[in-house]
Amino acid sequence: MGQCETETSSDDAVSIEKGKKLGDPHIITVNCPDKTGLSCDISHAILEFDLFITRGDVSTDGLWCYIILWVTPHSSSRSHAVRWGNLKEHLLSICPPLLPSPYLFHPLPHTSSSPVYLLKFCSLDRKGLLHDVTRVLDELDHAIQKVKVTTTPDGCSLDLFFIRDNLGLLHTKERQDELCEWLYTVLGESCISCELQLAGSQYDNLQCVSSLSPLVAEELFRFTLSDNESRSQALSSDIKELKRASVKTDNSLSPAHTLLQISCVDHKGLLYDIMRTLKDYSIQVSYGRFLPVNKSYRELDLFIQHKDGKKIVDPEKQEAICSRLKLEMLHPLRVLITNRGPDAELLVANPTELSGRGRPRVFYDVTSALKSLGICVFLAEIGRHSAAEREWEVYRFLLDENCSFQLSSTQVRNQIVDKVRRTLMGW
């Protein structure tokens, strides 16, 4: 990739080398003690910062891990906006502490340990408002936990955003003032008020998503999709390519490891989807190679073990892992439009990790897609739902009929679903 500028010293657990020329990938190197699921946590952070992994290598002896990833922003126009310093701090907070001295490494604030704050603001409603607010939170490195958005009859938007500060500084007046000032700047005269406070019982009351009808839940959370369905989630001709994913295991090449070979269509967050699945199965990746895209396809070779250091020899366990990986690559996000009374409701769902952590940037991408289509959101909420022996993060958007689209049209609904899904998949 040519010469690079080294942003950090070689003694750091995380270093980022920036490409010298525009368009060159940036090299992220993580060199730290190992833990089960470390690759998942790192790929989650990469996705959270909207970066595309062009290729990567993972190596560990069970005690120490060395990961190198070549990354580029998903959009070339966003190269200047990537917060590389914040990304490095986030990755450092993920790494286990170095031993033996506790003074060699000090974990930085992490999203999961930061308190939840309630951002409450009122503004005049307009197209793209929800995404503009979401973009401000993203640019200031705040993670959205829950959302409650309503539109009043007089044309005002009353929004509750429950957020965590990835930098762990939202308790300071400077950080709070910065957030409100950015919102006032972006929203302009349409912003009526902005308040920020620690979340209390309001946050607890929004943990569960509003009830879904049995028919909607069955369609949203089922394990398989049929090609001949007329429902909203029926696979389009392009997305059918996902069904060509191949996942195989081989125990003949290594005395201590099982080789997992994966070939599939590339999509945004692919490495995260693979690594979170292995993490949920308590599978350790001892060595892995994430090859560049070839004709829109990805190939991965992963040498894996149980966390106890043993190969995966049980045929049923092998089949379970392969089947789950194919499912996650075929259908990492569920998208459909259904009726909610007389209105149209957009539903987006993704499985959470066993730890309870959800997928990053879903709310951002959905609101971006809706804004590009010129569709306003009358009501929005994020919650959790248990189905198919898993917990799901569910995003619900009640779409405003006062737009240029006839939302009752099947063609229009399919267009919305396709646009949202493509944005989420990075296509």
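Caption draft 1: Structural detail: helix α2 (residues 84-94). Burial of α2 is extensive: nine of the 11 residues sit out of reach of the surface. If you check which residues of α2 are buried, you get Trp-84, Asn-86, Leu-87, Lys-88, His-90, Leu-91, Leu-92, Ser-93 and Ile-94. In this structure, the buried residues of α2 make contact with β2 (14-19), β3 (26-33), α1 (38-48), β4 (51-60) and β5 (64-73).

Caption draft 2: Representation of helix α6 (residues 214-221) in the model. When α6 is considered as a whole, its buried residues turn out to be Val-216, Ala-217, Glu-219, Leu-220 and Phe-221. For α6, the secondary structure elements touched by its buried residues are β14 (334-340), β15 (343-351), β16 (377-387) and β17 (390-399).

Caption draft 3: Fine view of the sheet that holds strand β9 (residues 191-198). Ordered in space as β9-β6-β8-β7-β16-β17-β15-β14, the eight strands form an open sheet in which the pairing is antiparallel. If you trace the sheet from one side to the other, it starts and ends with β9 and β14, each paired once. Strand-to-strand, the axes of this sheet are offset by a mean angle of 25°, without reference to chain direction. Judged from the eight bridges that link them, strand β6 (residues 117-124) and strand β8 (residues 156-165) form a sheet pairing that is antiparallel. Within the sheet, the bridge partner assigned to Phe-121 lies in β8 and is Asp-159.

Caption draft 4: Just the pattern of salt bridges, in detail. Throughout the structure, instances matching the rule amount to 32 salt bridges. Notably, a salt bridge pairs Asp-138 with Arg-361, separated by 2.8 Å at the nearest N-O pair. Here the residue Asp-138 occupies a position in helix α3 (residues 129-139), and Arg-361 occupies one in the loop between β15 and α9 (362-373), the gap between them amounting to 223 residues. For the residue pair Asp-138 and Arg-361, the accessibility class agrees, reading buried in each case. The shortest N-O distance in the salt bridge between Arg-396 and Glu-345 comes to 2.8 Å. Residue Arg-396 is found in strand β17, and its partner Glu-345 is found in strand β15; the two are separated by 51 residues along the sequence. One continuous salt-bridge network, built from bridges that share partners, spans Lys-35, Asp-41, Lys-279, Glu-353 and Arg-357.

Caption draft 5: Highlighting the confidence of the model for the chain. Of the residues in the chain, 85% reach a pLDDT of 70 or more, and the chain-wide mean stands at 84. Of all secondary-structure elements in the chain, the lowest mean pLDDT belongs to strand β1 (residues 4-6), at 41, while β3 reaches the highest, 95. Taken as a whole, residues 100-112 scores under 50 in pLDDT and shows 23 contacts with residues more than four places along the chain or in a different chain. Considering only residues more than four positions removed or in separate chains, one finds that residues 227-232, a stretch of pLDDT under 50, has 14 contacts.

Caption draft 6: Just unusual backbone geometry, in detail. The phi angle at Asp-141 is positive, at roughly 70°, despite the residue not being glycine. Within the secondary structure, Asp-141 is located in the loop between α3 and β7 (142-151).

Caption draft 7: Spatial organisation of the environment of Leu-354. Note that Leu-354 resides in the loop between β15 and α9. Spatially, the C-alpha atoms of Leu-354 and Arg-390 are 8.3 Å apart, while their sequence positions differ by 36 residues.

Caption draft 8: Up close: the packing of aromatic side chains. If you walk through the whole model with that rule in mind, you get six aromatic pairs. Taken together, Phe-121, Phe-161, Phe-363, Tyr-395 and Phe-397 form an aromatic cluster joined through their ring pairs. If you follow Arg-361 out to its NZ or CZ, it ends over the ring of Tyr-364, 4.2 Å from the centre.

Caption draft 9: Local environment of the side chain of Asp-132. Mapped onto the elements, Asp-132 comes out in helix α3. Residue classification places Asp-132 among the buried residues on the basis of a relative accessible area of 5%. For Asp-132, the side chain forms a polar contact with the side chain of Arg-126, separated by 2.8 Å. A distance of 2.7 Å separates the side chain of Asp-132 from the side chain of Lys-371, its partner in a polar contact. In contact with Asp-132, not counting residues within four places along its chain, are Arg-126, Val-186 and Lys-371.

Conventions we followed
Residues numbered from 1 in each chain as written. Predicted model: local features only at pLDDT ≥ 70, side-chain atom pairs only at ≥ 80, totals over all residues. Heavy atoms only, no water. Buried < 20%, exposed > 50% of the residue type's maximum accessible area, 1.4 Å probe, protein only. Helix = DSSP H or I, 4+ residues; strand = E, 2+ residues; numbered from the N terminus. Contact = heavy atoms within 4.5 Å. Pairing = 2+ DSSP bridges. Axes fitted to C-alpha atoms, helices over the stretch in contact; angles between N-to-C directions. Salt bridge = Lys/Arg side-chain N within 4 Å of Asp/Glu carboxyl O. pLDDT = per-residue confidence, 0-100. Phe/Tyr/Trp six-rings, centres within 6.5 Å; stacked < 30°, edge-to-face > 60°. Lys NZ or Arg CZ within 6 Å of the ring centre and 35° of its normal. Polar contact = N/O pair within 3.5 Å; in protein donor to acceptor, adjacent residues only side chain to side chain.

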